[in-house]
Amino acid sequence: MVRNRNIWVEEDIIKLEMEAGLENKKLLDHMGIKAFNVLGAVGSGKTSLIEAAIEKLKRDYQIAVIAGDLVADYASERFKSHGIPVVTLNTGKECHLNTNQITGAIEKLKPGTVDILFIENVGNLICPAEFYLGEHKRAIVVSVTEGEDTVAKRPVVFKTSDLVMVNKADLAQVMDVDPDKMVNDALVNSPLAFKTSVRTGLGIGQWIDFITNTYKGKT
Ligand code: ZN
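Everything in this summary refers to the structure shown in the same document. (Residues numbered from 1 in each chain as written. Predicted model: local features only at pLDDT ≥ 70, side-chain atom pairs only at ≥ 80, totals over all residues. Heavy atoms only, no water.)

### Observations concerning the pattern of salt bridges
For step 1, the next point in the chain: Applying the stated criterion to the full structure yields ten salt bridges.
For step 2, the next point in the chain: The partner of Arg 78 in a salt bridge is Glu 51, with the nearest N and O atoms 2.7 Å apart. Linking Arg 78 in helix H3 (residues 73–80) with Glu 51 in helix H2 (residues 46–57), this pair joins segments that are 27 residues apart in sequence.
For step 3, the next point in the chain: Exposure remark for Arg 78: the relative accessible area of 23% places this residue in the partly exposed category.
For step 4, the next point in the chain: Residue classification places Glu 51 among the buried positions, given a relative accessible area of 14%.
For step 5, the next point in the chain: One salt bridge connects Asp 185 with Lys 181, and the closest N-O pair in it is separated by 2.7 Å. Taken as a pair, Asp 185 and Lys 181 lie in helix H7 (residues 179–189) at a separation of four residues, close to a single helical turn. (Salt bridge = Lys/Arg side-chain N within 4 Å of Asp/Glu carboxyl O. Helix = DSSP H or I, 4+ residues; strand = E, 2+ residues; numbered from the N terminus. Buried < 20%, exposed > 50% of the residue type's maximum accessible area, 1.4 Å probe, protein only.)

Structure, rendered in structure tokens:
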């Protein structure tokens, strides 16, 4: 009985968070901001992929980042070096960003000064996937260094994504991993997936297209 009740309470919390997430989305829409929630394990390369996008987009769009992590300062400094507004959320022991934190962070952005907002979530793939923060699109980053079966093992997580980037593809051979298998595994549950490498530039154009098409309302 106790066990059932716990599951019930957890479902209630997730439902309340979903409603709060939709409120965040309304707020973002009102401010004319398109938000991208970027999920991935520690070391998957979330920060570098967001930085690559900032570099390509900052001439044409006003960009901001919410950097969330157990200790977010490191990524936060990297984002700030691009001369854009950054809201840092140190989550401490929490394994995910919650909607309240995001509401507070959005309210720190000056209306009319942001077109595109990247939310770098806490570095794990399990828990953050359960929480909708109000983002327009959700991108999951998975690195070939995490192993060829990483995607196939976690279908539920990938079902929540709008895009999966199989990152560090330049290391696939060294890791003895088939990155195309990872892409195909991702496509079972996600509408879009491709290989990326910040080092070689592979897939960065597709990542940029995904962002700008979302901004322009094409997807
Ligand atoms: Zn969590």
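### Re the packing of H2 against H3
For step 1, the next point in the chain: Direction vectors running N to C along H2 and H3 enclose 15°, while the axes themselves pass 10 Å from each other. The angle between H2 and H3 places the two elements in the roughly parallel class. You can see that H2 and H3 cross each other, and the crossing is right-handed. Contacts from Thr 47, Ser 48, Ile 50, Glu 51 and Ile 54 in H2 reach Ala 75, Arg 78 and Phe 79 in H3.
For step 2, the next point in the chain: Split into classes, the residues belonging to the contact of H2 with H3 amount to four nonpolar, two polar and two charged. (Axes fitted to C-alpha atoms, helices over the stretch in contact; angles between N-to-C directions. Parallel < 35°, antiparallel > 145°, perpendicular 65-115°, else oblique. Left-handed = near helix turned anticlockwise from the far one by under 90°. Contact = heavy atoms within 4.5 Å. Nonpolar A, V, L, I, M, F, W, Y, C, P; charged D, E, K, R; others polar.)

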